[in-house]
Amino acid sequence: MEIRRDDTVIVLSGKDKGKKGKVLKAFPKESKLIVSGVNVASRHRKPRSQQEEGGIVKMETPIYACKVQIVCPKCGKAVRVGHTEKDGKSVRVCRKCGAEL
Ligand SMILES: [Zn+2]
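Residues numbered from 1 in each chain as written. Predicted model: local features only at pLDDT ≥ 70, side-chain atom pairs only at ≥ 80, totals over all residues. Heavy atoms only, no water.

### Here's the deal with the overall build of the protein chain
Rules: Under the DSSP-based scheme used, a helix requires at least four consecutive residues in state H or I and a strand at least two consecutive residues in state E, with every element numbered from the N terminus. C-alpha atoms define the radius of gyration in this analysis, and the globule rule sets the expected value at 2.2 Å times the number of residues to the power 0.38. Note on contacts: a residue pair is in contact if any heavy atoms of the two residues lie within 4.5 Å. Calculation of accessible area relied on Shrake-Rupley with a 1.4 Å probe; when residues are assessed, cover is drawn exclusively from the protein chains displayed.
Scanning the protein chain for helices and strands turns up zero helices and nine strands. Start at the N end of the protein chain and walk to the C end: the helices and strands fall as β-β-β-β-β-β-β-β-β. By the compact-globule yardstick of 13 Å for 101 residues, the protein chain is too spread out, its C-alpha radius of gyration being 17 Å. The C-alpha extent of the protein chain, read off along each of the three principal axes, is 60 × 25 × 20 Å. For the protein chain, the proportion of contacts with a sequence separation of at least 24, taken over those separated by at least 6, is 37%. Here the protein chain has roughly 7200 Å² of accessible surface; of this, 48% comes from carbon and sulfur atoms.

### Side note on the domain arrangement of the protein chain
Where the parts come together, the accessible area they lose is often given as the size of the interface. Keep this limit in mind: The domain limits used here are those given by an automatic or database domain assignment. Two parts placed together each lose some accessible area; with a 1.4 Å probe, that loss summed over both constitutes the buried area.
What the domain assignment lists for the protein chain is domain 1 (1–46 + 55–70) and domain 2 (74–101). Averaged C-alpha coordinates put domain 1 and domain 2 at centres separated by 22 Å. The partner domain 2 presents nine residues to the eight residues of domain 1 that form the contact. Roughly 650 Å² is buried in total at the junction of domain 1 and domain 2, and carbon and sulfur atoms are behind 45% of that figure. It is Glu-2, Gln-69 and Ile-70 that lose the most area in domain 1 upon contact with domain 2, and together they represent 71% of the buried surface on that side.

### Considerations on the pattern of salt bridges
Which entries qualify depends on this criterion: The rule for a salt bridge is simple: a side-chain nitrogen of Lys or Arg has to be within 4 Å of a carboxyl oxygen of Asp or Glu. Here the term buried applies to any residue with accessible area under 20% of the maximum for its type, exposed to any over 50%, and partly exposed to those in between, with areas from a 1.4 Å probe on protein chains only.
One pass over the full model with this rule turns up five salt bridges. A salt bridge links Lys-15 to Asp-16, with the nearest nitrogen and oxygen atoms 3.9 Å apart. According to the relative accessible area criterion, Asp-16 is buried, its value standing at 8%. Residues joined in a network through salt bridges with shared partners are Lys-15, Asp-16 and Lys-19.

### Section: the sheet that holds strand E1 (residues 8–11)
The line we're drawing: Here, any two strands with at least 2 DSSP bridges between them count as paired.
Strand order in this open sheet of five strands is E6-E3-E2-E1-E7, and the pairing throughout is antiparallel. Here the strands that pair on one side only, and so sit at the sheet edges, are strand E6 (63–64) and strand E7 (68–70). Here three bridges tie E1 to E7, and the two strands are oriented antiparallel to one another. By the bridge assignment, Val-11 is partnered in E7 with Val-68.

### Considerations on the nonpolar core
Quick note on the threshold: The set of buried Ala, Val, Leu, Ile, Met, Phe, Trp, Tyr and Cys residues whose side-chain atoms join them within 4.5 Å is what this entry labels a nonpolar core.
Ile-3, Val-9, Val-11, Val-23, Leu-33, Val-35, Val-38, Ile-63, Ala-65, Val-68, Ile-70 and Val-81 together form the largest nonpolar core, which totals 12 residues. Residues contacting Leu-33, with those up to four places away along its chain left out, are Met-1, Ile-3, Val-23, Lys-25, Ala-26, Phe-27, Thr-61, Pro-62, Ile-63, Ala-65 and Val-68.

Next comes the structure, spelled out in structure tokens:
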């Protein structure tokens, strides 16, 4: 999986198509991501005690990484990720402008 935490991604399909958000959590094993503001589910919660308030709790649920594309922070576009070597390590680069991701 190319996408990591703190990447900015854009959603390519589904009900949140076109939405941009920051990756809050990545699950490489499942190829899933939690993206800020994307795939938000509302849970209706009942108050369980007198101190607790009921209401609607909104939380992001994971989406498949193949449904999003990385947005390059430099050129601001949804881009494909390339790889290059730098100091013997593989780094991710933007295929459009060459910036490191
Ligand atoms: Zn770029």
